[in-house]
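This is what each chain is made of:
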Amino acid sequence: MPQFIDTAKIWIQSGKGGDGKVSFHREKYVASGGPDGGDGGRGGSVIFQVDDNLSTLMDFRYKRKYKAEPGEQGGSKRCTGKDGKNLVIRVPRGTILRDAQSGQVIKDLSDSEPFVAAKGGRGGWGNVHFATPTRQTPRFAKPGMPGQELEIRLELKLLADVGLVGFPNVGKSTLLSMASAARPKIANYHFTTLVPNLGVVRIGDGESFVMADIPGIIEGASEGAGLGHDFLRHIDRCRLLLHVVDAAGSEGRDPIDDLNKINDELAQYSMDLEKRPQIVVANKIDLFYDDDHSKLDEIRQWAEDHGFAYAEMSAATNQGVRELMNMTWHALEELPPVLVYEPEFVPEPVDKPVTEESITYRRMNEYYIVEGEWIDRLFASINFDDYESRQYLDRRLRGAGVFDKLEEMGIKDGDPVVIGEMEFEYER
Ligand SMILES: Nc1nc2c(ncn2[C@@H]2O[C@H](COP(=O)(O)OP(=O)(O)OP(=O)(O)O)[C@@H](O)[C@H]2O)c(=O)[nH]1
Ligand SMILES: [Mg+2]
């Protein structure tokens, strides 16, 4: 999902080496001294270093050129010039460096080892190196080597800290657009958001978090209804959920009913998700014309009963949005990171739905064989060493009706089955 990749293009240049020096020894009473020009210093290198305080590549949008210092020229009396300072560029863990021209991966920065992306030029030799018995006064020295120049593309798979959940049309995308620079599609119909959008929310000086706007969840989502569990799967990684409700009930729905339904879906998807901390957000308070705020009180009470924090806002008028974002930031500070079991685990995109042709069924001798493009894609996303990932596989296969189909074909307990890369005995 390209939406989840943060990118930036920068230009780096290591320092040129300092030139060697041409100089001759001078001393009282010494008629003509030998050469004593020192070497130039080494140019600074450009080094990448992982920094766990960073979570996005935002800052690279503002500064694109990175140049390390050149080495100094050599001095007389055989003095070597000073080396240029290295330039250290700090990036979030997981950043991938690519050559901007060829697209080739230069380095995957997932460990903490510093990585030298452009080495500083070597300093040139001073004339002291060039004296020979026949050439005692060399009047030349070597220039420093040039630095390296490189255009680099940085890529980072973003993980959202905060996920927006709620029914369609409650104002999740509107909130994201108000709180961040992201520009998700906003419209007055259900499922306006089809793919998750990410936004970086900046809080005061340099602090930020990543918020994901997720398509609306409806009843049955944990079974794959609506846009289904691909998105539940996504918010699985968020440390905090903002549970947005349309407090004004502008579509004739009851906010308390909505809160319960969404929470049921979360619970059915996974126990972990049910227990994930939430802030219950009563949105559309601009639609409360009268003084009857009993609905808001009910929502506040519901949040309290469930041990969740509560906030009110109008995403449309921006009222309360800033306060909510500060509250979110403070809540995040208290929360440990959610362990992401498999960073590479990205469910296949939803724009390719399961079709008749993408799963095929056949029998060979006593074997039942299930194969096809959809199955291949699904298997490619599974980490068999991981329990949750295997559970996910099971849910997806069930959701796609694979087992129903096999039963239709007459499969019985104990019959051998091959699905994708997996061979097993069928068990109902
Ligand atoms: N009056 C009012 N309308 C709002 C407010 N927030 C959002 N809306 C409107 O509600 C409609 C839905 O907003 P979206 O932000 O697209 O809702 P969503 O939750 O992202 O919806 P899906 O993407 O379909 O799940 C739009 O017409 C918004 O203009 C609000 O605070 N007050
Ligand atoms: Mg939306």
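In this text the structure is predicted, and so the values were computed from the model without any measurement.

Turning to helix α7 (residues 373-380), a few remarks are in order. The complete set of buried residues in α7 reads W374, I375 and L378. The arc enclosing the buried residues of α7, seen along the axis, measures out at 100°, which places them on a common side.

On to helix α3 (residues 255-269), then. Residues three or four positions apart in an α-helix share a direction because the helix packs 3.6 residues into each turn. Under the 1.5 Å per step criterion, the end-to-end length of α3 is 21 Å for 15 residues, consistent within 8% with the ideal 21 Å. If you check which residues of α3 are buried, you get P255, D258, L259, I262, N263, E265, L266 and Y269. Here the buried residues of α3 occupy an arc of 155° about the axis, which is enough to place them on one side.

We now examine the packing of α3 against helix α5 (residues 294-305). Each pair of packed helices gets described by two things: the angle between the helix axes and the distance between those axes. Running from amino to carboxyl end, α3 crosses α5 at an angle of 25°, the nearest separation of the two axes being 9 Å. Here α3 lies roughly parallel to α5, going by the angle between them. Considering only the axes of α3 and α5, their crossing is right-handed. Here α3 contributes P255, I256 and L259 to the contact with α5, which in turn contributes K295, E298, I299 and W302. Of the residues contributing to the contact of α3 with α5, the split by class is 5 nonpolar, no polar and 2 charged.

All right, on to the UniProt feature "binding site: Mg(2+)" (unreviewed entry) in the protein chain then. Per the UniProt record, "binding site: Mg(2+)" (unreviewed entry) is found at S173 and T193. With respect to the helices, strands and loops of the structure, S173 is situated in helix α1 (residues 172-179).

Our focus in this paragraph is the environment of Q73. Residue placement: Q73 occurs in the loop between β3 (65-67) and β4 (87-91). Spatially, the C-alpha atom of Q73 lies 9.0 Å from that of G126, the residues being 53 residues apart in sequence.

To continue, consider the sheet that holds strand β10 (residues 197-203). The 6 strands lie next to each other as β10-β11-β9-β12-β13-β14, forming an open sheet whose pairing is mixed. The outermost strands of the open sheet, each flanked by one partner alone, are β10 and β14 (309-312). Taking each pair of neighbouring strands and ignoring which way they run, the sheet shows an average axis angle of 25°. Of the strand pairs in this sheet, strand β9 (residues 162-165) and strand β11 (residues 207-213) are connected by 3 bridges, and their pairing is parallel. In the sheet register, V162 faces β11, and the bridge partner there is M211.

With respect to the element layout, H306 can be found in the loop between α5 and β14. Put simply, H306 and Q278 are 28 residues apart on the chain and 9.4 Å apart in space, counted from C-alpha to C-alpha.

This part covers the sheet that holds β4. Spatial ordering of the open sheet is given by β4-β2-β7, a layout of 3 strands whose pairing is mixed. Since the sheet does not close on itself, it has two edges, and those belong to β4 and β7 (115-118), each with one partner. Here the strands of the sheet are splayed against their neighbours by 35° on average, with no regard to which way each runs.

Most of β10 sits out of view: 5 of its 7 residues are buried. Direction of pairing for β10 relative to β11: antiparallel, over a ladder of 7 bridges. Looking across to β11, one finds that G199 is bridged to M211.

Before going further, it helps to spend a moment on the nonpolar core. One broad rule of soluble globular proteins: the nonpolar side chains tend to lie buried together. Residues L164, M211 and A212 are the most contacted members of the largest nonpolar core, which totals 43 residues. Sorting elements by how many residues they give to this core places strand β12 (residues 240-246) first, with 5 residues. When residues no more than four places from it in sequence are discounted, the contact partners of L164 are K172, L175, L176, M211, A212, D213, I214, L242 and V244. The next biggest cluster of nonpolar side chains, apart from the first, holds 19 residues, and it includes I12, V46, V91 and L156.

What follows is about the environment of D415. Tracing the chain through its elements places D415 in the loop between α9 (402-408) and β17 (416-419). Taking the C-alpha atoms as reference points, D415 and Y368, 47 residues apart in sequence, are found 7.8 Å from one another. Excluding its chain neighbours within four sequence positions, the residues that come into contact with D415 are E366, Y368 and Y426.

On to the confidence of the model for the protein chain, then. Here the protein chain shows a mean pLDDT of 83. Residues at 70 or above account for 86%. By mean pLDDT, helix α2 (residues 229-235) is the weakest element of the protein chain at 65, and strand β13 (residues 278-283) is the strongest at 97. Confidence drops under a pLDDT of 50 for residues 339-351, and excluding neighbours within four residues, the segment shows 23 contacts in the predicted structure. The ipTM for the predicted assembly is 0.98, set against a pTM of 0.54.

A separate point is the pairing of β17. Judged from the 3 bridges that link them, strand β16 (residues 367-371) and β17 form a sheet pairing that is parallel. Paired with Y368 across the strands is V417, a residue of β17. With 4 bridges connecting them, β17 and strand β18 (residues 422-425) associate as antiparallel partners. The residue of β18 that forms the bridge with P416 is E425. Between β17 and β18, which follow one another and run antiparallel, lie 2 residues, and G420 among them has a positive phi close to 55°.

Basis of the calculations
Residues numbered from 1 in each chain as written. Chains lettered and ligands numbered in written order. Predicted model: local features only at pLDDT ≥ 70, side-chain atom pairs only at ≥ 80, totals over all residues. Buried ≥ 20, exposed ≤ 12 C-beta atoms within 10 Å, placed from the backbone. Helix = DSSP H or I, 4+ residues; strand = E, 2+ residues; numbered from the N terminus. Arc of directions from axis to C-beta. Expected span 1.5 Å × (residues − 1). Axes fitted to C-alpha atoms, helices over the stretch in contact; angles between N-to-C directions. Parallel < 35°, antiparallel > 145°, perpendicular 65-115°, else oblique. Left-handed = near helix turned anticlockwise from the far one by under 90°. Contact = placed C-beta atoms within 7 Å. Nonpolar A, V, L, I, M, F, W, Y, C, P; charged D, E, K, R; others polar. UniProt positions renumbered as here; feature names shortened; annotations may be inferred. Pairing = 2+ DSSP bridges. Core = buried A, V, L, I, M, F, W, Y, C linked by C-beta atoms within 7 Å. pLDDT = per-residue confidence, 0-100.

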